Amino acid sequence: MHARATTSWPCPDGRPLLGANGTEAMTALLAQDDGRPGAGHQAQALVDYMKVGPFMGREAIGALAREYPLLLHLDDTLSGDAPLSEETLARIEGWVRLSGTPWTSAHIGFAVADVTLDQALISQPLSQVLGRERALGNIVRNATQLARRLPVPLLLENLPLFPNAAHLLICEPDFVSDALEATGCDLLLDLAHAQVSADILGYEVHDYISRLPLNRVRELHLSGPRPLGEIDPQRQAIILDNARTVAEHLSFDEESLVDAHGSLRDVDYALLEWTLARTRPWAISLEYFRDPDALRSQLLRLAHIIGRSTTPAC
Ligand SMILES: [Fe+2]
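From a predicted model like this one, the values you see are computed outputs, not experimental measurements.

Chemist: Is there a simple way to think about the sheet that holds strand 7 (residues 217-222) in this case?
Modeler: What holds strands together in a sheet is hydrogen bonding between their backbones, with the strands either parallel or antiparallel. A barrel is described by the order of its strands in space; here 8 strands give the closed sequence 1-2-3-4-5-6-7-10, paired in parallel fashion. Within the sheet, the average angular offset between the axes of one strand and its neighbour, ignoring direction, is 30°. With 3 bridges connecting them, strand 2 (residues 49-52) and strand 3 (residues 70-73) associate as parallel partners. Each residue of the ladder has a partner; that of Val 52, found in strand 3, is Leu 72. Where helix 7 (residues 191-201) meets the sheet, its contacts fall on strand 6 (186-190) and strand 7, and the angle it forms with strand 6 comes to roughly 75°.

Chemist: I'm lost on the nonpolar core in this one. Help?
Modeler: Proteins that are soluble and globular tend to have nonpolar side chains buried together. Membership of the largest hydrophobic core comes to 85 residues, with the highest contact counts inside it found for Leu 70, Ala 111, Leu 156, Ile 170 and Ala 179. Sequence-distant contacts of Leu 70, that is, excluding residues within four places in its chain, are made with Gly 22, Tyr 49, Met 50, Val 52, Ile 61, Leu 64, Ala 65, Ser 99, Gly 100 and Thr 101.

Chemist: Help me out: how do you make sense of the packing of helix 5 (residues 132-149) against helix 6 (residues 173-183) in this one?
Modeler: Helices that pack against each other are described as a pair by the angle of their axes relative to one another and the distance between those axes. Between helix 5 and helix 6, whose axes approach to 9 Å, the crossing angle comes to 40°. Here helix 5 lies oblique to helix 6, going by the angle between them. Here helix 5 and helix 6 pass one another in a crossing that is right-handed. Where helix 5 abuts helix 6, its residues Leu 136, Ile 139, Val 140, Ala 143, Thr 144 and Ala 147 lie against Phe 175, Asp 178, Ala 179, Ala 182 and Thr 183.

Chemist: Help me understand the pairing of strand 6, please; the structure alone is not making it clear to me.
Modeler: Within a regular strand, side chains alternate between the sheet's two faces. For strand 6, the buried fraction is high: 5 of the 5 residues fall into the buried class. Relative to strand 6, strand 5 (residues 154-157) runs parallel, the two being bridged by 3 bridges. When the sheet's bridge partners are listed, Leu 155 is paired in strand 6 with Asp 186. Each parallel crossover has a hand, and for strand 5 linked through helix 6 to strand 6 it is right-handed. With 4 bridges connecting them, strand 6 and strand 7 associate as parallel partners. What sits directly across from Leu 187, in strand 7, is Val 217.

Chemist: Sorry, what's going on with unusual backbone geometry here?
Modeler: In most cases, non-glycine residues show a negative phi, while peptide bonds are predominantly trans. One non-glycine residue with positive phi stands out, namely Leu 169, at about 70°. Its place among the elements puts Leu 169 in the loop between strand 5 and helix 6. Within the chain, His 261 stands out as a residue other than glycine whose phi angle is a positive 50°. Of note, His 261 is situated in strand 9 (residues 257-262). With 17 C-beta atoms packed within 10 Å, His 261 lands in the partly exposed category.

Reading the values: rules and limits
- Residues numbered from 1 in each chain as written.
- Predicted model: local features only at pLDDT ≥ 70, side-chain atom pairs only at ≥ 80, totals over all residues.
- Pairing = 2+ DSSP bridges.
- Helix = DSSP H or I, 4+ residues; strand = E, 2+ residues; numbered from the N terminus.
- Axes fitted to C-alpha atoms, helices over the stretch in contact; angles between N-to-C directions.
- Contact = placed C-beta atoms within 7 Å.
- Core = buried A, V, L, I, M, F, W, Y, C linked by C-beta atoms within 7 Å.
- Buried ≥ 20, exposed ≤ 12 C-beta atoms within 10 Å, placed from the backbone.
- Parallel < 35°, antiparallel > 145°, perpendicular 65-115°, else oblique.
- Left-handed = near helix turned anticlockwise from the far one by under 90°.
- Right-handed = clockwise from strand over helix to strand, strands pointing away.

Below, the structure is given as structure tokens:
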């Protein structure tokens, strides 16, 4: 692991490190715990690190970096038709240095070129879909270029199959495996994304995950997916509009899973335990960020599962 400049990273004592999104709810929770009798330093109380992204801004990340070990998750798109510009590479390198992250990660990329994360959630004509070879070629070229430039390892994250053109091809387990193989990058396995993609592509979820290179999993992301019928009606309508544009390729209905960043349910904890029996991740990031009490209880249950105590490991 690379040393950070301001706050030192805890040593993993054979177990994965545990982290959560660096939201206001999380910092408030940690500050609360710091004042509790018997609580250690806040960074040891509930999590080992905070997960941050460039969308939070330089000031917020700089301030958090003075208090906590940070793990940086990027929001750039790697499937663009052109190589990454010098400006993009320098900007990302700047985020890595500011955060002091020991490794970083990016979404694997989309089946259409040059979309942002937000644009990827808007329906686009099927004519925009890159062929498998071109999508894979773009992603491999851009990810390799970025990995070579960064002073820390770059992981690629599997995406959830949101039902539109941008998400065709790239959620297939073979596509993810081929991208990792060709880039030499390791895997950030998002279990919620895997559940969603497996559900819509018609794989049993353990079968889907088993098709990925599990020996290359370095980080896990966790949150609770939900069936479409359980989420906010306005968002349901947007997703169904998208699904209509790819109806000839994917069957999608009220029961289909969506990436909802809900709280973890028993089925999610069971999938985590199954995955931990087959992988050796360096870190587990909980991506739930809403209610502080629910956040705390999930982190405590996760700590129990991975055998984490609240005293410093080293
Ligand atoms: Fe994720």
